[in-house]
Amino acid sequence: MHERFQEKKIGIVFIGDLFYCPYVTLYISILETYGLQYDVIYWNRSGQDDAAGDHYISYKKTADTGQHKVRKAADFWAYRNWLVMVLKRNRYNKLVILSSLTGILLFPELIRYKNRYIFDIRDYSYERFIPYFMAERMIIKNSAFTTISSAGFRHFLPVYPYLYNHNLSVGGDHRKKFCLKKRNSGKIKVVWMGALRYFDHQVKIIEKLSMDGRFELFFHGEGPQYRMYEEYMSGHSWPDVHFTGRYDNRRKLDLILEADLLNNSYEHCYETLYALSNKFYDGAVYRVPQFTEAGTYKAALVEKFSIGIALDVDEPDFAEKLYRYYMGIDETAFDKGCNRLLKIVNKQTALTRAKIRQFILGGEEM
């Protein structure tokens, strides 16, 4: 099937471990549907993410994300040199560039790939640094098209007609009817999933909820600050706080469906101000209410669609407000809010998928 597209080869490039890049599956699923040749080229920075299969090419030098800036810059430069060598050797017809930092690292090469790459932006990086912003603007201008994972990114990115590529997992529809499982008895299970960062912020949540008695906290995942959490927990006795470590993504559904509340609260800083996390969408898809930090784009959407609550963790009655919110959820309004959000997201995602198909097939009939 689709034999006439076999000669095309596409390189998908990322600057880190693939377990921080679940959205790569969107591109892979489309490429495999049309039988196209592709490579996923990435940096196995942790030494734990050596993906199996002929489609994966990894740079295997480990690097501590908390190391000195000079050493970190040297590691990035070494990865860039390796990456350029791989691109020259394999002569890809087209590229998919995942994250703005990946694009900056390949800036000169991408200009030579004009209109032959997709630029997929997932985070705020160093846009307030003028040379970075100027290079990023050139990369965006020369892309076939650029996608963003949050409309809030328009506040710091160059003016451009972006497409939306949401942090919504590719897969089946696992939605469930929402029910307040702990309205009458039992502790409310508060679940965090993903990379563990923002240590000081999460410690505030841990201390306020673990001492309340009405909540039980679960942290599924690792990340650059995992050791800090381990050290912190070794000095405290919190029977209702559990760190389970890295999880297999195939268990994600089960872990989410065990949750009563999703902890989607991040430290308030510029890199989180406009971002939308995976958990934001997971809450809507799997019908689990969430709480977020106050004063961000994510917080505004959570309350607009009635799928959670935005709270300031420094408020003295944080735990009480969270408890009252959970116990007072209008299940009908919550379910309708999830449906309204997902209708918009699915419409935007369908448009982006169509553009990706058009890009990889080179305008041929699909």
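Residues numbered from 1 in each chain as written. Predicted model: local features only at pLDDT ≥ 70, side-chain atom pairs only at ≥ 80, totals over all residues. Heavy atoms only, no water.

*Asks:* Just checking my understanding: could you explain the confidence of the model for the protein chain for this structure?
*Replies:* Low-pLDDT portions of the prediction should not be read for the details of their coordinates. Summarising the model, the protein chain shows a mean pLDDT of 89, and 90% of its residues fall at 70 or more. Ignoring residues within four places in sequence, the model shows residues 1-6, a span with pLDDT below 50, making 11 contacts including any to other chains. (pLDDT = per-residue confidence, 0-100. Contact = heavy atoms within 4.5 Å.)

*Asks:* Whenever I open this one, the sheet that holds strand S3 (residues 56-59) confuses me. Can you help?
*Replies:* Across a sheet, paired strands are connected by hydrogen bonds in the backbone, their directions being either parallel or antiparallel. Strand order across the open sheet formed by seven strands is S3-S2-S1-S4-S5-S6-S7, with parallel pairing between neighbours. The open sheet has two edge strands with one neighbour each: S3 and strand S7 (163-164). Across the face of the sheet, helix H5 (residues 130-142) comes into contact with strand S5 (117-121) and strand S6 (145-148) while running at roughly 130 degrees to S5. (Pairing = 2+ DSSP bridges. Helix = DSSP H or I, 4+ residues; strand = E, 2+ residues; numbered from the N terminus. Axes fitted to C-alpha atoms, helices over the stretch in contact; angles between N-to-C directions.)

*Asks:* Explain the sheet that holds strand S13 (residues 308-311) here, please?
*Replies:* If you walk across this open sheet you meet the six strands as S10-S9-S8-S11-S12-S13, and the pairing is parallel. Single-partner strands in this sheet number two, and they are strand S10 (241-245) and S13. Neighbouring strand axes in the sheet, compared pairwise and without regard to direction, differ in orientation by 25 degrees on average. The pairing of strand S8 (residues 188-193) with strand S11 (residues 261-264) spans two bridges and is parallel. What sits directly across from Val-191, in S11, is Leu-262. Strands in contact with helix H10 (residues 278-285) are S8, S11 and strand S12 (290-293); relative to S11, the strand with the most contacts, it is inclined by about 165 degrees.

*Asks:* In this structure, what is going on with helix H7 (residues 226-234)? I would like to understand it.
*Replies:* Two residues of an α-helix separated by three or four positions point the same way, owing to the 3.6 residues in each turn. All of the buried residues in H7 are Tyr-226, Tyr-229, Tyr-232 and Met-233. Taken down its axis, H7 places every buried residue within 125 degrees of arc, on the same side. Opposite the packed face of H7, turned more than 90 degrees from it, sit the exposed residues Arg-227, Glu-231 and Ser-234. Buried residues along H7 sit in contact with helix H6 (199-210) and S10. (Buried < 20%, exposed > 50% of the residue type's maximum accessible area, 1.4 Å probe, protein only. Arc of directions from axis to C-beta.)

*Asks:* I would appreciate a short explanation of the pattern of salt bridges in the present structure.
*Replies:* Close approach of charged atoms lets side chains of opposite charge pair. Within this structure, the stated rule accounts for 16 salt bridges. Of the charged contacts in the structure, one is a salt bridge between Asp-120 and Arg-122, with a shortest N-O distance of 2.7 Å. Considered together, Asp-120 and Arg-122 belong to a single accessibility category, that of buried residues. Through salt bridges with shared partners, a single ionic network connects Asp-212, Arg-214, Glu-320 and Arg-324. (Salt bridge = Lys/Arg side-chain N within 4 Å of Asp/Glu carboxyl O.)

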